[in-house]
Amino acid sequence: MNVMKKYIIIRFLVLITLSVSTLGCYDDLLDQKPRSTVTSQLFWSDYKDADAAVNGLYSLLRKSLQGMDKDDVATATRAGSWGDYLVYGDLRSGDWITPNDDNDWKNLMQNNLRAFPALRDLQNWRFYYRVIEQCNQIITYVPGIPSERISEDQVNEAVAQALAVRSFMYLYVTRIWGDVPINTTVENVTPLARAPKKEVWQLAINDLLKAIPDLPVEYETNGIKDRVKTRTRFSKGAAYATLAHLYMWNEEYQKAYDIITQLQELNIYRILDVSQYRTVFDQGLSDEGILEIYYSIENGEWVEYFGTALTWFFIKPFTSRDRISITMKKSKIEQLYSSKDKRIKEFFMGIDLTNPKNPVIVDNPLALDEDNIIIAKYRKDPNEYYQFDNNVMIFRYAGLLLLKAEACAQIDKPDEAIGLLNQIRKRAGLDDYSGPNTRQELIDEILEERRRELVAESHRFYDLLRHGRLHEFTPYISASDEANGAGCWPVNDEAFRNNPNMEQNNYWK
């Protein structure tokens, strides 16, 4: 990590260490390093400070999606990040198994979310509220920088990015915990109760609508289009994508349809050919990527241990592991995908473990035994230190087209829904959809296509949760349990400390 990057992060962390949690009095939060007696107001003097704060915001966003560990919070139990973004969005969907019988993953897949100590960190929303606190700092203090030291456009763009990130973060935490506290002030010390999720979504929607006019379609650096920033920061397209998801959760399907139409009209995103999936997932920054979390060993942006694309999906030759921890059964893949679906070879690999010290990749992922499959959307070789540096996909154009297809079905536009669905099927080498087009049957098919196309991209579990259908796909959650909140995570005990206003999710009381 270069000196300037360290400087940016240190200055950013100064702000964080000054902030008491919005959810109670977490004394140990104030013991994080580095320590400083500088007040947050003194930080904001010119454009460089605003730029440093925005850079720090994206660093913290990336870290929050990886998941906190002992290096971040002394009370954490994990030695390294688990790639929480994908854990939350995929692993409880009923599609996954743990061939090596890993107890942590078994508990998670079986919805035993109170298992200790390993799953405790996943119950904790602390890091996400650190991101929100940094957004609040930018929104509050950047407009107060003297006008001779920062331009109006620079102020507006910095604030717009903070509003967009905060909106994404509120979408993120409501998908995990349901009702969550709302904090829009800096250094808040008032114990906050959980707000209804619809209220949280409305705040996020309103913030995105404020932000979008000041976000660029494409970022520029020194007058030249900056592809890295355009695909890894909140641009107009990334804000539209977040807004579309919020509208779908809020059952405002016409608005979701309209906002995705606006995203399409930006004319900078497209569906790539199936032969270019490696460009999408390994090279990154492709025309199909709308928002990606950036990693590059070359530029000092990497993570050790797990994180990023959940390296435990992989074993040799991709990592030094010799056992599969998490995968999908061959029979499940055969159930989901047509045998002529070109995505099978792009998303999965077969691996012969006859000699565990020298595992062999086989051309046909489905040629071997039931459990000898690895998830292989991301295929860059990490080094011996697990410095795995694939970008992680948050929003992809194919996913937004399928989301629009669902919105079309919801607002009685079946022909348009089928047209969008067929764009994705055609790329996969499949025939056009010719099944029933009643509203529910069409929605079911679109959800199945999202299941296939977005596997291991943190969407499947949320799609089921949004539709109240988890109980149909996992034996560990009944319909009555789901109605009582079994799909949400329990709130970590830490959030109740010195906060009489905090309540636990019903199912976990």
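Structural notes, computed from the coordinates.

Parameters at a glance
- Residues numbered from 1 in each chain as written.
- Predicted model: local features only at pLDDT ≥ 70, side-chain atom pairs only at ≥ 80, totals over all residues.
- Heavy atoms only, no water.
- Core = buried A, V, L, I, M, F, W, Y, C linked by side-chain atoms within 4.5 Å.
- Buried < 20%, exposed > 50% of the residue type's maximum accessible area, 1.4 Å probe, protein only.
- Helix = DSSP H or I, 4+ residues; strand = E, 2+ residues; numbered from the N terminus.
- Contact = heavy atoms within 4.5 Å.
- Polar contact = N/O pair within 3.5 Å; in protein donor to acceptor, adjacent residues only side chain to side chain.
- Pairing = 2+ DSSP bridges.
- Axes fitted to C-alpha atoms, helices over the stretch in contact; angles between N-to-C directions.
- Salt bridge = Lys/Arg side-chain N within 4 Å of Asp/Glu carboxyl O.
- Expected span 1.5 Å × (residues − 1).
- Phe/Tyr/Trp six-rings, centres within 6.5 Å; stacked < 30°, edge-to-face > 60°.
- Parallel < 35°, antiparallel > 145°, perpendicular 65-115°, else oblique.
- Left-handed = near helix turned anticlockwise from the far one by under 90°.
- Nonpolar A, V, L, I, M, F, W, Y, C, P; charged D, E, K, R; others polar.

1. Describing the nonpolar core
Grouped together as the largest cluster of nonpolar side chains are 157 residues, with contacts concentrated most on Val142, Tyr172 and Trp177. Among the elements that take part in this core, helix H7 (residues 152–177) stands out by supplying 16 residues, more than any other. If we skip the residues at most four places from it in the chain, Tyr172 touches Leu65, Asp84, Tyr85, Tyr88, Tyr128 and Tyr462.

2. Looking at the environment of Leu430
Relative to the helices and strands, Leu430 resides in the loop between helix H16 (414–427) and helix H17 (439–453). With a relative accessible area of 10%, Leu430 lands in the buried category. Considering only alpha carbons, one finds Leu430 and Ser338, 92 residues apart in sequence, at a separation of 8.0 Å. Look past the residues within four positions of Leu430 in its chain and what remains in contact with it is Ser338, Lys340, Asp341, Arg343 and Arg425.

3. Some words on the side chain of Arg452
With respect to the helices and strands, Arg452 occurs in helix H17. Within the local environment of Arg452, its side chain forms a polar contact with the side chain of Glu445, the two groups lying 3.0 Å apart. When sequence neighbours within four positions are dropped, the list of residues in contact with Arg452 reads Leu336, Tyr337, Asp341, Arg343, Phe347, Arg425 and Glu445.

4. Some details on the sheet that holds strand E5 (residues 360–362)
Remark on secondary structure: sheet strands pair via backbone hydrogen bonds, oriented parallel or antiparallel. One open sheet accounts for three strands, arranged E5-E4-E6; its pairing is antiparallel. Of all strands in the sheet, those with a lone pairing partner are E5 and strand E6 (373–375), marking the two edges. Each neighbouring strand pair of the sheet contributes to a mean axis angle of 45°, computed without reference to strand direction. Pairing of strand E4 (residues 348–352) with E5 involves three bridges; the strand directions are antiparallel. Bridging from a neighbouring strand, Gly350 pairs with Val362 of E5.

5. What about the pattern of salt bridges?
Following the criterion strictly, the structure yields 40 salt bridges and no others. Glu288 is the partner of Arg396 in a salt bridge, and the nearest nitrogen-oxygen pair spans 2.7 Å. One end of the pair, Arg396, is in strand E7 (residues 392–396); the other, Glu288, is in the loop between helix H12 (277–283) and strand E3 (289–293), and 108 residues separate them in sequence. Glu288 shares its class with Arg396; the two are buried. When the shortest N-O distance is used, the salt bridge between Glu472 and Arg469 registers 3.0 Å. Among the residues examined, Glu472 registers a relative accessible area of 46% and is labelled partly exposed. Salt bridges here are not isolated pairs; linked through shared partners, they connect Glu288, Asp341, Arg343, Lys377, Arg396, Arg425, Arg427, Glu445, Glu449, Arg452, Glu453 and Glu457.

6. Description of the side chain of Ser458
Along the polypeptide, Ser458 turns up in the loop between H17 and helix H18 (460–467). Engagement of the side chain of Ser458 in a polar contact is seen with the backbone oxygen of Tyr85, the distance being 2.6 Å. The residues touching Ser458, leaving out its near neighbours within four places in the chain, are Tyr85, Leu86, Gly89 and Asp90.

7. Overview of unusual backbone geometry
Positive phi is not limited to glycine here, since Asn111 has a value of about 65°. By the secondary structure assignment, Asn111 is in the loop between helix H5 (103–109) and helix H6 (126–141). Phi is positive for Asn222, which is not a glycine, with a value near 55°. Within the fold, Asn222 resides in the loop between strand E1 (220–221) and strand E2 (224–225).

8. Some details on helix H11 (residues 253–264)
The end-to-end C-alpha separation of H11 is 17 Å, in line with the 16 Å expected for 12 residues at 1.5 Å each. Every buried residue of H11 is accounted for by Tyr253, Ala256, Tyr257, Ile259, Ile260 and Leu263. Buried residues along H11 sit in contact with helix H10 (236–249), E3, helix H15 (397–410) and H16.

9. Details of the pairing of E7
Consecutive residues of a regular strand have side chains that alternate between opposite faces of the sheet. By the criterion of burial, E7 is predominantly enclosed, with five of the five residues buried. Here E3 runs beside E7; their pairing, made up of four bridges, is antiparallel. Paired with Leu291 across the two strands is Phe395, which belongs to E7.

10. Considering the packing of aromatic side chains
Across all of its chains, the model carries 24 aromatic pairs by this definition. Centre to centre, the rings of Tyr129 and Tyr170 are 6.5 Å apart; their planes meet at 75°, and the pair counts as edge-to-face. With a gap of 41 residues between them, Tyr129 in helix H6 and Tyr170 in helix H7 connect regions that are remote in the sequence. What makes Tyr129 buried here is its relative accessible area of 5%. Centroid distance Phe168 to Phe395: 6.1 Å. Interplanar angle 90°. Geometry classified as edge-to-face.

11. Observations regarding the packing of H15 against H16
Here H15 crosses H16 at 155°, and the two axes come no closer than 7 Å. On the basis of the axis angle, H15 is roughly antiparallel to H16. Regarding H15 and H16, the two cross each other, and that crossing is left-handed. Contacts from Ala398, Leu401, Leu402, Lys404, Ala405, Cys408 and Ala409 of H15 reach H16 at Pro414, Glu416, Ala417, Leu420, Leu421, Gln423, Ile424 and Arg427. Residue composition of the contact of H15 with H16, by class: 11 nonpolar, one polar and three charged.

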